[in-house]
Amino acid sequence: MHIPDGFINIPTAAGAAALALTGVGYSVKKAKGELDEKAAPLIGLVSVFVFAGQMINFPVAAGTSGHLLGGALAAVLVGPYAASLALTVVLAIQALLFADGGLTALGLNVFNMSIFGVWSGYAIFLLVRKTLRYSNSALLIGSAVGAFASVPLAATSFSIQYAIGGEGTFAPSTVFTAMFGTHLLIGIGEAIITTLTVGAVLKTRPDLVYGKNKRAKVTS
Amino acid sequence: MTIKPSVQISNLHYAYPDGNKALNGVNLTIASKERVALLGPNGAGKTTLVMHLNGILSPTSGAISIADFTLDSSNKEITKKVRELVGIVFQDPDDQLFMPTVFEDVAFGPTNMGLTEGEIEERSVHALELVGMLSLKDRAPHHLSFGQRRRVAVATVLAMEPEILILDEPSSNLDPASRRELSEILLDLDVTILMVTHDLPYAFEICERSLILNQGQIVADDSTTSILRNSDLLTANRLELPRGFAI
Amino acid sequence: MHDLPGHVKLLAFLAFMVIVVCTPITRWPTFVGYFLIIVLVLTLSKLPALTLAKRATIEFPFLIFAILMPFTAGGDEFEIGPLELSREGSIAGLNLITKATLGVACSMILAASTTSHSLLAGFVRIKTPSLFVQIAAFMIRYLNVINDQMTRMKVARESRGFVATGPRSWPIFTSTLGALFIRSYERGERVHLAMLSRGYSGALSSLATERVSRKHWIYGALFPLFALISFLLGMVLFS
């Protein structure tokens, strides 16, 4: 999902960058409030975790493999603001030191994956947990639904950007159908991996799972 | 004028928030420039005690003084000062070396002390000289060997010119040569040392005095020689000299 | 090239790419100019071009879009051998491929010629929020440490006879991932403790050490400047 240069025109990319910056700025403020001076080392290590997690390839079938995007997972484990910052840093480092994702598209990518993907996934997680009245399995079901939804939602965000400033001959509706469809499938994998991973952390260090201790209002 | 002891602890009690009692009335005085080994089995409360010495944990009851300062969790100025005086070298040098290069890491402490650029430079260079790592000052930590990282970790603390140097398992994971090099460095330092270790020969080599902490209390406080000769005491506290080692 | 401060290089490459993306593809000689500039920079930087070319494969997924366009766009069509291609679609596809390739080339030169340290110093110079720079610094510092940990976990898995086979092996992977999270988090806490012990109170000041002179800015500006000249020439000559 890392958009390269030239796919979306500059005005749209600049607009997305402005939105992304606002989101990142807000996350910086909130994360500092939540974690104080612990924020930098903790979120830094969470970034490493996300980066490394994206490199673990899960065999799917017949030689193909998939990997985790990790937005919803990070949000459930460390909260949406820390997760946004971690994913933003990962995307920035990937673009600047690993040539993954276009320079002019960084704002688009950050908005789709680190802001919109993370916050929408986390909001859905909170809603599901609340609906299930915080029952024992609510945390895992919430993680599954949140992780599942976050992927096609990020793809939707991309489709909207394409509709506004896409450089191509496909009708926006075609792009939306194709992106949404494939990312529904990817979302299933994301949901399974996220849920199993949250479950694994719950088993050994339940105190670390941010989403477990939050009964908060939906924030985004 | 009498020199104040580096550490003075009286009747220190500490219980974790979950109610688990870790320290049950510790009394301890360490004189200036003394070298002391803190021994004891796993879970005896050694790390908890160390975390009290620079105010990261606050006692449930009791008092702690470092040189001229009595710790008070509500007084941030004193906590800051005490953290300058108490230098802790953690067990895993990768936890301690978090900056991009060796030099920046050593300069981290002095920078937080609000020194001038010249002083920061001077102290960092001096500390790296003391541990013999000046020539590698621009390296990234992950390009160093484990022994070199441990030495740089010692330098990061020495650059703050502490009153007392606390080392957590300094000899762990070191090859025999690095182990000897580190002990030579430590013996040359003119500073109070508190060394937490399971490595009894290393304690014998470096520290004239040893303490045994068990179940949150100091159960022995004597010269390292007499403690290591008392095999009943060692056995009772799950401590053992290596086979064939005699004092 | 290698000596330019991180932020100067970053801004120069960003400006270059903004100009590139803004250029209509129909002015194809302009793009020849852009490629020449890239080749020139590549030569000056003495980077191994072949190694870089191998890494360029990461742009492939999005290229599928570009390749499909000539077949699907409709409208005015032309034939190459047995293929019927849409003129509009071909131009759009070419547009994507050209710009994405320039973008990847640019990013790779940037990535290969910039050390993580100079990038961090660059972040500080362009007034990135300090928390953000610190997170990036920690991430770069601990990437190797966690990577080694991951390798060790893999070795431990495999030395006990584990073979990855489809979704049935996922629980093993995810428990690894869970353990990786716990280890990373605990490392974060220990690092925080080590920082506190040396008087940390929220600021990490010693990262901005590079001196930036006017000469650096002028060198940096040359890169997008050439692109701008190419852009303007193309506009005058081909519109």
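Below is a summary of the structure that appears in this document. Source: prediction; values computed, not measured. (Residues numbered from 1 in each chain as written. Chains lettered and ligands numbered in written order. Predicted model: local features only at pLDDT ≥ 70, side-chain atom pairs only at ≥ 80, totals over all residues. Heavy atoms only, no water.)

**Describing the interface of chain B and chain C**
Phase 1: Counting residues at the interface gives 25 residues for chain B and 23 residues for chain C.
Phase 2: Interface area for chain B against chain C, summed over the two sides, is near 2,200 Å², with a carbon-plus-sulfur share of 56%.
Phase 3: Of all residues in chain B, Asp95, Phe98 and Phe108 of chain B bury the most surface against chain C, accounting for 27% of the area lost on that side.
Phase 4: The interface formed by chain B and chain C holds five salt bridges in total.
Phase 5: Arg198 of chain C is the partner of Asp105 of chain B in a salt bridge, and the nearest nitrogen-oxygen pair spans 2.9 Å.
Phase 6: When residues of the side of chain B that touches chain C are traced back to their parent elements, those giving at least two are strand 6 (86–89), helix 3 (93–96) and helix 4 (102–112) of chain B.
Phase 7: Top contributing element to the side of chain B that touches chain C by residue count: helix 4 of chain B, with six residues.
Phase 8: Considering only residue class, the side of chain B that touches chain C consists of twelve nonpolar, seven polar and six charged. (Contact = heavy atoms within 4.5 Å. Buried area = accessible area lost by both parts, 1.4 Å probe. Salt bridge = Lys/Arg side-chain N within 4 Å of Asp/Glu carboxyl O. Helix = DSSP H or I, 4+ residues; strand = E, 2+ residues; numbered from the N terminus. Nonpolar A, V, L, I, M, F, W, Y, C, P; charged D, E, K, R; others polar.)

**What to know about the sheet that holds strand 4 (residues 61–66) of chain B**
Residue and element names in this part refer to chain B.
Phase 1: Strand order in the open sheet formed by four strands is 2-1-4-5, with antiparallel pairing between adjacent strands. The two strands at the open ends of the sheet, each matched to only one other strand, are strand 2 (21–30) and strand 5 (69–70).
Phase 2: Strand direction decides the pairing type here: strand 1 (residues 7–15) and strand 2, joined by seven bridges, are antiparallel. In the strand pairing of strand 2, Ile9 is matched with Leu28.
Phase 3: Taken strand by strand, helix 1 (residues 46–53) contacts strand 1, strand 2 and strand 4, and its axis lies near 120° from that of strand 1. (Pairing = 2+ DSSP bridges. Axes fitted to C-alpha atoms, helices over the stretch in contact; angles between N-to-C directions.)

**Describing the pairing of strand 4 of chain B**
All names here are of chain B.
Phase 1: With five bridges connecting them, strand 1 and strand 4 associate as antiparallel partners. Note on strand 4: the bridge partner recorded for Ile9 is Ile64.
Phase 2: By the bridge criterion, two bridges tie strand 4 to strand 5 in an arrangement that is antiparallel. In the strand pairing of strand 5, Ser65 is matched with Thr70.
Phase 3: Two successive antiparallel strands, strand 4 and strand 5, enclose a turn made up of two residues, where Ala67 displays a positive phi of approximately 50°.

**Quick word on the arrangement of the chains**
Phase 1: Among two pairs of chains with at least one contact, chains A and C form the most extensive contact set.
Phase 2: One thing to see here is that chain A and chain B don't touch, and their nearest C-alpha atoms sit 9 Å from each other.

**A few points about the sheet that holds strand 7 (residues 164–168) of chain B**
Residue and element names in this part refer to chain B.
Phase 1: Taking strand neighbours across the sheet as the criterion, the six strands line up as 6-7-8-3-9-10 in an open arrangement whose pairing is mixed. Looking at the sheet topology across the chains shown, the edges are occupied by strand 6 and strand 10 (217–223). Along the sheet, successive strands turn relative to each other by an average axial angle of 20°, direction set aside.
Phase 2: Relative to strand 8 (residues 192–196), strand 3 (residues 35–39) runs parallel, the two being bridged by four bridges. Residue pairing across strands places Val36 opposite Leu194, the latter belonging to strand 8.

**Comments concerning the nonpolar core**
Phase 1: Residues Ile9, Leu53 and Phe98 of chain B together with Phe16, Tyr34, Phe181 and Phe223 of chain C are the most contacted members of the largest nonpolar core, which totals 144 residues.
Phase 2: Mapped onto the domain boundaries, this core takes at least three residues apiece from domain 1 (6–114 + 209–238) and domain 2 (129–197) of chain C.
Phase 3: In this structure Tyr34 of chain C touches Phe16, Ile19, Val20, Thr23, Leu102, Ala227, Ser230 and Phe231 of chain C, once residues within four positions along its chain are discounted.
Phase 4: Grouped together as the second largest cluster of nonpolar side chains are 43 residues, Val89, Val131, Ile193 and Ile227 of chain B included. (Core = buried A, V, L, I, M, F, W, Y, C linked by side-chain atoms within 4.5 Å. Buried < 20%, exposed > 50% of the residue type's maximum accessible area, 1.4 Å probe, protein only. Domains from an automatic or database assignment.)

**Observations regarding the packing of aromatic side chains**
Residue and element names in this part refer to chain C.
Phase 1: The full count for this structure, using the stated rule, is 24 aromatic pairs over all chains.
Phase 2: On the basis of an interplanar angle of 10° and a centroid distance of 4.4 Å, the ring pair of Phe16 and Phe223 is categorised as stacked. Of this pair, Phe16 sits in helix 1 (residues 6–22) while Phe223 sits in helix 9 (residues 214–238), placing them 207 residues apart in sequence.
Phase 3: Geometrically, the ring pair formed by Phe181 and Tyr185 is tilted, given 5.7 Å between the ring centres and 50° between the ring planes. One end of the pair, Phe181, and the other, Tyr185, are both in helix 8 (residues 170–197), four residues apart, so they sit about a helical turn from each other.
Phase 4: Relative accessible area serves as the criterion here: at 1%, Phe181 is assigned to the buried category.
Phase 5: For Tyr185, a relative accessible area of 14% corresponds to the buried category.
Phase 6: Taken together, the ring pairs in this structure connect Phe13, Phe16, Phe31, Tyr34 and Phe223 into an aromatic cluster. (Phe/Tyr/Trp six-rings, centres within 6.5 Å; stacked < 30°, edge-to-face > 60°.)

**Remarks on the environment of Ser6 of chain B**
Residues and elements named next belong to chain B.
Phase 1: Inspection of the secondary structure assignment puts Ser6 in the segment before strand 1.
Phase 2: Distance in space between the C-alpha atoms of Ser6 and Arg209 is 15 Å, their sequence separation being 203 residues.
Phase 3: The residues contacting Ser6, other than those within four sequence positions of it, are Ile30, Ala31, Ser32, Lys33, Ser65, Ile66, Ala67, Glu163 and Thr192.
Phase 4: A polar atom in the side chain of Ser6 sits 2.8 Å from the side chain of Glu163. (Polar contact = N/O pair within 3.5 Å; in protein donor to acceptor, adjacent residues only side chain to side chain.)

**A closer look at the environment of Phe49 of chain A**
Phase 1: Examined against the element boundaries, Phe49 of chain A turns out to sit in helix 2 (residues 39–55).
Phase 2: Separated by 13 residues in the primary sequence, Phe49 of chain A and Asp36 of chain A place their C-alpha atoms 21 Å from one another.
Phase 3: Not counting residues up to four positions away in its chain, the partners in contact with Phe49 of chain A are Leu73 and Leu77 of chain A together with Leu177, Leu180, Phe181 and Ser184 of chain C.

**Here's the deal with helix 2 of chain A**
Phase 1: An ideal rise of 1.5 Å per residue puts 24 Å on 17 residues; helix 2 of chain A measures up with 24 Å between its terminal C-alpha atoms.
Phase 2: Of all the 17 residues making up helix 2 of chain A, 16 are buried; the element is thus mostly covered by neighbouring parts of the structure. (Expected span 1.5 Å × (residues − 1).)

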